[in-house]
Each structure stands twice: as structure tokens, then as C-alpha cells.
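One-letter residues, chain by chain:
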Amino acid sequence: MSLIEPKIDKLLEETENDRFLLCAVASHRAHDINDMLRGQRERAIQLQTAVEIARASNKKPLSIAFGEIAKEDVSYDPSTIDAKTH
């Protein structure tokens, strides 16, 4: 399996060239998307509109998350990340 789009270089740029941070951010966002797709909207509805999720439902949640990171639609607060444990 390979990641073709978005390019890994673009994704790493958005996460300070930290591959572990990229995984953490993408995983968290994919979890939110997965919750929405399963109808558990309490936490995720504020982060994405249901229409956009329905349009993208033919993709895997992690692929959607990587696309959002590349488009800078998803961000993180560096003060909430513990560099030693992320």
C-alpha cells in the first residue's frame, strides 16, 4: 500500500516534519470521521458538516483525514501535545 495523494512531503510540512505527530493528528481526525459515519455525531459534528462527510463516504476515514490535513482544514494546538509521549 502506498500513499499517492496527498504527497507525504505536504503532510509532513503541516506537522512540523514529525511523522509521529502526523499519525496522531490523522488518527484523531479519522476517528472523528468514523464516528460521524456511524451516526455518533456529538463530538465530530462541530468539526465537519454532514454533507461533506456524506459526499466523501466512498473513501476510508484515514484517507479523508490525510486530505484534510494537506488542505490545512485540520490543525492542532502544539501546547496540547506532549513531545515525549505523542
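Residues numbered from 1 in each chain as written. Predicted model: local features only at pLDDT ≥ 70, side-chain atom pairs only at ≥ 80, totals over all residues. Heavy atoms only, no water.

Caption draft 1: Region of interest: the pattern of salt bridges. The tally for this structure, following the rule as stated, stands at 4 salt bridges. For Glu72, the salt bridge goes to Lys10, with nearest N and O atoms at 3.4 Å. Pair noted here: Glu72 is in the segment after helix 4 (61-70) and Lys10 is in helix 1 (residues 8-13), with a separation of 62 residues, a long-range link. Overall, Glu72 belongs to the exposed group, its relative accessible area being 52%. Judged by relative accessible area, which is 28%, Lys10 ranks as partly exposed. Put simply, Asp73 and Lys71 hold a salt bridge, and the shortest N to O gap is 3.7 Å. Exposure remark for Asp73: the relative accessible area of 54% places this residue in the exposed category. A single network of salt bridges, built from pairs that share partners, joins Lys10, Glu14 and Glu72. (Salt bridge = Lys/Arg side-chain N within 4 Å of Asp/Glu carboxyl O. Helix = DSSP H or I, 4+ residues; strand = E, 2+ residues; numbered from the N terminus. Buried < 20%, exposed > 50% of the residue type's maximum accessible area, 1.4 Å probe, protein only.)

Caption draft 2: Representation of unusual backbone geometry. Despite not being glycine, Asn17 has its phi angle at roughly 55°, a positive value. Tracing the sequence through the fold places Asn17 in the loop between helix 1 and helix 2 (19-37). You will see that Glu72, though not glycine, has its phi angle at about 65°, which is positive.

Caption draft 3: The arrangement of the packing of helix 2 against helix 4 in detail. Across the interface, helix 2 lies against helix 4 with an axial gap of 8 Å and an inter-helix angle of 125°. Between helix 2 and helix 4, the interaxial angle falls into the category oblique. Helix 2 and helix 4 meet at a crossing whose hand is right-handed. The segment helix 2 lies against helix 4, with Leu22, Val25, Ala26, Ser27, Arg29, Ala30, Ile33, Asn34 and Leu37 engaging Pro61, Leu62, Ile64, Ala65, Phe66, Glu68 and Ile69. (Axes fitted to C-alpha atoms, helices over the stretch in contact; angles between N-to-C directions. Parallel < 35°, antiparallel > 145°, perpendicular 65-115°, else oblique. Left-handed = near helix turned anticlockwise from the far one by under 90°. Contact = heavy atoms within 4.5 Å.)

Caption draft 4: Here's a closer look at helix 2. Between its terminal C-alpha atoms helix 2 stretches 26 Å, which fits the 27 Å expected from 19 residues at 1.5 Å a residue. When we look at burial in helix 2, the residues that qualify are Leu21, Leu22, Val25, Ala26, Arg29, Ala30, Asp32, Ile33, Asp35 and Met36. A side-chain oxygen of the first residue of helix 2 lies 3.0 Å from the backbone nitrogen of Phe20; this N-cap is Asp18. (Expected span 1.5 Å × (residues − 1). Polar contact = N/O pair within 3.5 Å; in protein donor to acceptor, adjacent residues only side chain to side chain.)

Caption draft 5: Highlighting the nonpolar core. In this structure, Leu11, Leu12, Leu21, Leu22, Val25, Ala26, Phe66, Ile69, Ala70 and Val74 together form the largest nonpolar core, which totals 10 residues. Looking at which element gives the most residues to this core, the answer is helix 2, with 4 residues. (Core = buried A, V, L, I, M, F, W, Y, C linked by side-chain atoms within 4.5 Å.)

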